[in-house]
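The chain contents come next:
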Amino acid sequence: MNKIEHVGIAVKDLEASNLLFKKLLGVAHYKTEEVASEGVKTSFFKSGPNKIELLEATDANSPIAKFIDKKGEGVHHIAFEVDDIEAEIKRLGEEGFIVLNNTPKLGADNKLVAFLHPKSTNGVLIELCQEVKGTEETK
Ligand SMILES: CC[C@H](C(=O)O)C(=O)SCCNC(=O)CCNC(=O)[C@H](O)C(C)(C)COP(=O)(O)OP(=O)(O)OC[C@H]1O[C@@H](n2cnc3c(N)ncnc32)[C@H](O)[C@@H]1OP(=O)(O)O
Ligand SMILES: [Co+2]
């Protein structure tokens, strides 16, 4: 685990939250991206070396929709940058963490991603992110 790659925040209205976080951070989002496989549309902000990911559900079965129904808007996950996501999945599984997808999937912002169930991580949904080789967009 190299560093926190981004903090994911579940929001009901991405456009409204883009304006709110632009006021908060003093900088506009640098991209928006829909990830249909996750039923989300996202926007990304850079704040110094850190990144914030805002997520709005695009369908009722989205993890974000379920999260907001249950807990309201708020911090949804913490993502860590890893160099080798397959090795980390293997290591964390062997350490007893519940890996939600043993095969990395394509996430937003040019990343391969995997998730650890919050019940195995003191209640915090953890995302692993590995840069898709050959893309430098978000260094
Ligand atoms: C990939 C694009 C983008 C990127 O960065 O690239 C993203 O970050 S996409 C983010 C959205 N996708 C995901 O979150 C995928 C992983 N999440 C899941 O598979 C589910 O959300 C899961 C398994 C964590 C929970 O799904 P489930 O259907 O089991 O929902 P429940 O409401 O029944 O939850 C069970 C239990 O877990 C607690 N929970 C749920 N979500 C979270 C959370 N984000 N943080 C902490 N805890 C969470 C929920 O409260 C339930 O606890 P309980 O004590 O049983 O009430
Ligand atoms: Co994320």
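- Per an unreviewed UniProt entry, the protein is named Methylmalonyl-CoA epimerase, and its organism is Arenibacter nanhaiticus.
- According to the UniProt record, the Sequence similarities (unreviewed entry) comment for the protein is "Belongs to the methylmalonyl-CoA epimerase family."

**Things to note about the pairing of strand E4 (residues 50-57)**
Where a strand is regular, its side chains alternate between the two sheet faces.
Then, number 1: When you tally the buried positions in E4, you get six out of eight residues, the bulk of the element.
Then, number 2: Where strand E1 (residues 3-10) lies against E4, four bridges are found, and the strand directions are parallel. Residue Val-7 lies in a different strand from E4, and its bridge partner there is Ile-52.
Then, number 3: Bridge count between strand E3 (residues 40-47) and E4: eight bridges; the pairing is antiparallel. Residue pairing in the sheet places Val-40 in a bridge with Ala-57 of E4.
Then, number 4: Between the antiparallel neighbours E3 and E4 lie two residues, among them Gly-48 with a positive phi of about 65°.

**Here's the deal with the pattern of salt bridges**
Then, number 1: By the definition in use, this model includes 10 salt bridges.
Then, number 2: The residue Arg-91 makes a salt bridge to Glu-88 at a minimum N-O spacing of 2.9 Å. Here Glu-88 and Arg-91 lie together in helix H3 (residues 85-94), a separation of three residues that amounts to about one turn.
Then, number 3: With a shortest N-O distance of 3.5 Å, Glu-131 and Lys-111 are connected by a salt bridge. Here Glu-131, found in strand E8 (residues 126-131), pairs with Lys-111, found in strand E7 (residues 111-116); they are 20 residues apart in sequence, far enough to count as distant. Each member of the pair, Glu-131 as well as Lys-111, carries the same accessibility label: buried.
Then, number 4: Within the structure, one salt-bridge network assembled from shared partners comprises Glu-5, Lys-31, Glu-33, Lys-51, Asp-109, Lys-111 and Glu-131.

**Brief notes about the coordination of the cobalt ion (ligand 2)**
Then, number 1: Within the protein, the atoms that donate to the cobalt ion (ligand 2) are His-6 (NE2), Glu-53 (OE), His-77 (NE2) and Glu-127 (OE), at distances of 2.1 to 2.3 Å.
Then, number 2: Given six donor atoms and angles of 79 to 175° at the metal, the environment of the cobalt ion (ligand 2) is assigned as octahedral.

**Quick look at the UniProt feature "domain: VOC" (unreviewed entry) in the protein**
Then, number 1: The residues that UniProt annotates with the feature "domain: VOC" (unreviewed entry) are residues 3-131.
Then, number 2: The annotated region residues 3-131 carries 24% helix and 40% strand content, and the separation between its end C-alpha atoms amounts to 13 Å.

**Considering helix H1 (residues 14-25)**
Then, number 1: The end-to-end C-alpha separation of H1 is 16 Å, in line with the 16 Å expected for 12 residues at 1.5 Å each.
Then, number 2: The set of residues buried in H1 consists of Leu-14, Ser-17, Asn-18 and Phe-21. Summarising the axial view, the buried residues of H1 lie within an arc of 110°, below the 170-degree limit, and thus occupy one face. Exposed positions of H1 whose direction lies more than 90 degrees from the buried face are Glu-15, Leu-19, Leu-20 and Lys-23.

What counts, and where the lines are drawn
- Residues numbered from 1 in each chain as written.
- Chains lettered and ligands numbered in written order.
- Predicted model: local features only at pLDDT ≥ 70, side-chain atom pairs only at ≥ 80, totals over all residues.
- Heavy atoms only, no water.
- UniProt positions renumbered as here; feature names shortened; annotations may be inferred.
- Buried < 20%, exposed > 50% of the residue type's maximum accessible area, 1.4 Å probe, protein only.
- Helix = DSSP H or I, 4+ residues; strand = E, 2+ residues; numbered from the N terminus.
- Pairing = 2+ DSSP bridges.
- Salt bridge = Lys/Arg side-chain N within 4 Å of Asp/Glu carboxyl O.
- Donors = N, O, S within 2.8 Å, 3.2 Å for Na, K, Ca; no water.
- Tetrahedral: all angles 85-135°; square planar, octahedral: opposite > 155°, others 65-115°.
- Expected span 1.5 Å × (residues − 1).
- Arc of directions from axis to C-beta.

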